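Here is what each chain is made of, one letter per residue.
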Amino acid sequence: FDSALPKRERIGNVLVHRIGFTAERSTMADLQRFPLKLNKYLYQIVASLYAFQLHAKYRYDGVWAMMAHAVGIAAAIFKLMAPSVTYILTLQEGDPPEYIERLARPVWPLFRYAFRSPDVVQVISTFLGRWAKRMGYPGRPLVVPNAVNAKHFSQTYAPAELDALKQKLGKKKDDVFLITTSRLVHKNAVDDVIRALPKLPKKVRFLVLGIGPDEQMLHDIAKREGVSERVQFLGQIGHTELPRYLKISDIFVRPSRAGLFQKTRRMRSRLP
């Protein structure tokens with residue numbers, strides 16, 4: 001979405017094609033504004049047609065869709081135009097399926113086809129595998145859970161190295177650092193943590209690692225709640241540096257409105 005980026009770029013052995021509206025010096029917050037907000041809706045058609053044009057030149061062996069609600073329709077339309085190309089769909093949605101399905105109602109036939117047409121559906125959980133079957137996938141979903149490099153996150157650092165990071169972030173002896181690492185979107189409930197800070201001792205501070213369209217809104221909430229000095233928005237921290245920030249923190253916080261939705265739905269189903 002940044003107009004400064006080239007429309008076509010080779011990164012390593014990957015050829016990247018960028019499509020859609022862009023804006024000059026755009027930020028993640030601009031994704032919620034016109035015209036960038038239109039990209040989410042137009043992408044399904046534009047991407048499939050553009051991919052078919054590329055296929056005519058490169059003759060692809062497969063098409064891979066990462067998340068049904070984001071690109072499943074685009075890949076399914078491509079599959080209609082190029083049925084001999086293998087279509088792989090990965091499901092790793094964090095939002096409740098019912099919520100995603102409600103958003104997809106205007107294009108429901110195509111959305112269902114995104115589940116029915118893949119040659120392979122790979123999921124990160126059995127829960128999402130059941131969703132794929134309910135949506136019409138005729139095969140057996142392949143479960144490949146998300147993985148973590150335990151060795152990378154359990155490594156130790158020199159005390160002086162960690163002290164330097166504490167000093168950089170202004171951590172005092174008695175401070176308690178909460179930390180979260182997530183996309184800054186409504187589902188991940190970072191706003192709830194910020195709203196809780198006034199109820200906690202002033203020595204409790206909050207490190208927010210990540211970017212997303214809700215970033216400006218979260219800044220505004222912190223200011224409105226009078227805790228701007230206790231919340232540090234650190235942006236996108238690379239995977240290499242992330243363990244250091246976790247090491248100098250005291251409490252990891254990772255709320256999710258999606259999990260709350262599922263729990264509430266299960267509780268309601270048990271009511272008489």
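Here is what the cut-offs are and how they apply
Residues numbered from 1 in each chain as written. Predicted model: local features only at pLDDT ≥ 70, side-chain atom pairs only at ≥ 80, totals over all residues. Heavy atoms only, no water. Helix = DSSP H or I, 4+ residues; strand = E, 2+ residues; numbered from the N terminus. Buried < 20%, exposed > 50% of the residue type's maximum accessible area, 1.4 Å probe, protein only. Contact = heavy atoms within 4.5 Å. Pairing = 2+ DSSP bridges. Right-handed = clockwise from strand over helix to strand, strands pointing away. UniProt positions renumbered as here; feature names shortened; annotations may be inferred. Phe/Tyr/Trp six-rings, centres within 6.5 Å; stacked < 30°, edge-to-face > 60°. Lys NZ or Arg CZ within 6 Å of the ring centre and 35° of its normal.

By the naming in an unreviewed UniProt entry, the protein is Glycosyltransferase, taken from Candidatus Sungiibacteriota bacterium.

Q: Even after reading the chapter, I still don't get the overall build of the protein, so can you show me in this structure?
A: Counting its secondary structure elements, the protein contains eleven helices and ten strands. Projected onto its principal axes, the C-alpha coordinates of the protein cover approximately 65 × 60 × 40 Å. Counting the 272 residues in the protein, one finds 38% classified as buried. At a minimum sequence separation of 6, the contacts of the protein that also span at least 24 residues come to 69%.

Q: I keep staring at the sheet that holds strand β9 (residues 231-235) and nothing clicks. Help me out?
A: Strand pairing in a sheet is mediated by backbone hydrogen bonds. Such pairs are either parallel or antiparallel. The four strands are arranged β9-β8-β7-β10 in an open sheet whose pairing can be described as parallel. Pairing within the sheet leaves two strands with one partner each, and these edge strands are β9 and β10 (251-252). Note: strand β8 (residues 204-209) against β9, four bridges, orientation parallel. Within the sheet, the bridge partner assigned to Leu209 lies in β9 and is Gly235.

Q: I keep staring at the pairing of strand β5 (residues 120-123) and nothing clicks. Help me out?
A: The side chains of a regular strand alternate, residue by residue, between the two faces of the sheet. The pairing of strand β4 (residues 86-91) with β5 spans four bridges and is classified as parallel. Directly across from Leu91, in β5, lies its bridge partner Val123. Pairing of β5 with strand β6 (residues 142-143), which is carried by two bridges, proceeds in the parallel orientation. Pairing of Val123 across the sheet is with Val143, part of β6. One crossover worth recording links β5 to the parallel β6 by way of helix α5 (residues 126-134), and it is right-handed.

Q: Looking at this structure, I do not really get the UniProt feature "domain: Glycosyl transferase family" (unreviewed entry) in the protein. What am I missing?
A: Here, UniProt's "domain: Glycosyl transferase family" (unreviewed entry) annotation points to residues 164-257. Helix makes up 32% of residues 164-257 and strand makes up 20%, while its end C-alpha atoms are separated by 35 Å.

Q: It is not clear to me how the packing of aromatic side chains should be interpreted in this structure. Could you clarify?
A: Each aromatic ring pair is described using two quantities: the centre-to-centre distance and the angle formed by the ring planes. Applying the stated criterion to the full structure yields four aromatic pairs. Judged by centre distance (5.0 Å) and plane angle (70°), the ring pair of Phe115 and Trp131 falls under edge-to-face. With Phe115 in helix α4 (residues 108-116) and Trp131 in helix α5, the pair connects residues that are 16 residues apart, well separated along the chain. For the residue pair Phe115 and Trp131, the accessibility class agrees, reading buried in each case. Lys171 extends its terminal NZ or CZ atom over the ring of Phe177, reaching a point 4.9 Å from the ring centre.

Q: Explain the pairing of strand β2 (residues 14-17) to me, please; I cannot follow it from the model alone.
A: Summarising the sheet, strand β1 (residues 8-11) and β2 pair through four bridges and their orientation is antiparallel. For Arg8, the partnering residue across the bridge sits in β2 and is His17. Where β1 folds back on β2, the antiparallel hairpin that results is connected by two residues, among which Gly12 adopts a positive phi of roughly 65°.

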